[in-house]
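The chain contents come next:
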Amino acid sequence: MEWFSLAHASQLWLFFVLVLGIIVLPGMDMAFVLGSTLVDGLKGGVAALAGIVAGGVAHTAMAALGVGLALKAVPQLLSGMLMAGALYLGWIGWSLLRGASALGEVRAEASRPWGATFRRGLLTCLLNPKAYLFMIAVYPQFARPEHGSMAVQAVAMGTIIAITQAAVYGAVALGAVRVKAWLRGSGRAQVLAGQSVGAVLLLGAAWSLAQAFGFHGFEAG
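Computed from a prediction, not measured in an experiment: that's the story for all the values here.

Scoring rules and cut-offs
Residues numbered from 1 in each chain as written. Predicted model: local features only at pLDDT ≥ 70, side-chain atom pairs only at ≥ 80, totals over all residues. Heavy atoms only, no water. Helix = DSSP H or I, 4+ residues; strand = E, 2+ residues; numbered from the N terminus. Buried < 20%, exposed > 50% of the residue type's maximum accessible area, 1.4 Å probe, protein only. Contact = heavy atoms within 4.5 Å. Areas by Shrake-Rupley, 256 points an atom, 1.4 Å probe, with all protein chains shown as cover. Axes fitted to C-alpha atoms, helices over the stretch in contact; angles between N-to-C directions. Parallel < 35°, antiparallel > 145°, perpendicular 65-115°, else oblique. Left-handed = near helix turned anticlockwise from the far one by under 90°. Nonpolar A, V, L, I, M, F, W, Y, C, P; charged D, E, K, R; others polar. pLDDT = per-residue confidence, 0-100. Phe/Tyr/Trp six-rings, centres within 6.5 Å; stacked < 30°, edge-to-face > 60°.

Brief notes about the overall build of the protein
Okay, so step 1: Tallying secondary structure elements over the protein gives 9 helices and 0 strands in all.
Okay, so step 2: Listing each helix as α and each strand as β along the protein from the N terminus yields α-α-α-α-α-α-α-α-α.
Okay, so step 3: Taking all 221 residues of the protein together, the buried fraction comes to 46%.
Okay, so step 4: Contacts spanning at least 24 positions in sequence make up 86% of the contacts within the protein whose residues lie at least 6 apart.
Okay, so step 5: Entry remark: accessible area of the protein is about 10700 Å², with carbon and sulfur atoms responsible for 73%.

In C-alpha cells, the structure reads:
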C-alpha cells in the first residue's frame, strides 16, 4: 500500500502557508516566548519555545486521533475549550497591561527554572484557542485516508508545524535578546512593551470569546 500519495505531497506547500499565516499572528504562544526571553534571556526563550513545540506535537496527535472532529460534533466541548483558552489569554494580557511590572523585572540572571518555563509553554500552547480552531477547520482538509497512511500524514504535517513554530518563535526569541539589555536600562520601555503585548492578547481573548459564543449560537440554531 502506498504510504503517502504524490497528490497529497503536492498540497503540503499550501498547508505550510496556512500554518505560517496562523503562527505569525500575535497570540499566546508568541507573547510567552517574547516575555520569557525578555525576563530570562535566550535560555528562557528556548525553554518556552520547546514547551510550545511540544504542545504543537500534542495538538497534531489529538487531531490525528479525531479529537478535532469530536469537538466539532459536540459544540459544548469546543466552546468550553475556547472559553478556557480565552480566559487564560485574557489573564496573561491583563497581567502584562496592568502596570510597570508587566514583564516582571528584566534581569541578567534567570528568574525561573528551565523546566518551569517549559511546562508553562506547554500549557500555553495546549490552551491556545487558535490551535483548536485550526484542528477542526484546517487539519481535516489535508489529512484524509485517500491520501495514504494517516500516521505518515500526521508525522509530515506535525513536522511542518514544529519547524514553522521553531523558525517563527525562534526569530522572536533572538529579536528579544537584542532588546533585553535596552529594556533593562529603560523602565518606561518595559512598561510600553508589556502594555503593547498585553493589549494584543486582550484583543485575542475577546476574539476567542466571540468564537466560543458563536459556537453556542451554532448549537442553538
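A word on the side chain of D29
Okay, so step 1: When you line up the elements, D29 lands in helix 2 (residues 28-64).
Okay, so step 2: Beyond its immediate sequence surroundings of up to four residues, D29 is in contact with I52, T124, C125, N128 and Y169.

Details of the packing of helix 2 against helix 6 (residues 129-137)
Helix-helix packing: each pair is described by the crossing angle between the helix axes and the interaxial distance.
Okay, so step 1: Between helix 2 and helix 6, the least distance of the axes is 11 Å, while the angle of their chain directions is 25 degrees. Considering their axes alone, helix 2 and helix 6 lie roughly parallel with respect to each other. When you trace helix 2 past helix 6, the crossing you get is right-handed. On helix 6, the residues that touch M28, H59, M62 and A63 of helix 2 are P129, A131, Y132 and M135.
Okay, so step 2: Its residues assigned to classes, the contact of helix 2 with helix 6 shows 7 nonpolar, 1 polar and no charged.

A short note on the confidence of the model for the protein
Okay, so step 1: Taken residue by residue, the protein gives an average pLDDT of 77. The fraction at 70 or more is 76%.
Okay, so step 2: This model gives residues 100-109 a pLDDT under 50, and the stretch forms 23 contacts once residues within four places in sequence are excluded.
Okay, so step 3: Every residue in residues 217-221 scores below 50 in pLDDT, and together they form 2 contacts with partners more than four places removed in sequence or on other chains.

Examining helix 6
Okay, so step 1: Within helix 6, 8 of the 9 residues are buried, which leaves the element mostly enclosed by the surrounding structure.
Okay, so step 2: When we look at burial in helix 6, the residues that qualify are P129, K130, A131, Y132, L133, F134, M135 and I136.

Some details on the packing of aromatic side chains
Okay, so step 1: Throughout the structure, instances matching the rule amount to 3 aromatic pairs.
Okay, so step 2: Ring centres of F15 and F142 lie 5.3 Å apart, and the angle between their planes is 70 degrees; on these two criteria the pair is classed as edge-to-face. Pair noted here: F15 is in helix 1 (residues 6-23) and F142 is in helix 7 (residues 139-142), with a separation of 127 residues, a long-range link. F142 matches F15 in its accessibility class, with the two residues each being buried.
Okay, so step 3: One aromatic cluster in this structure is built from F15, F134 and F142.

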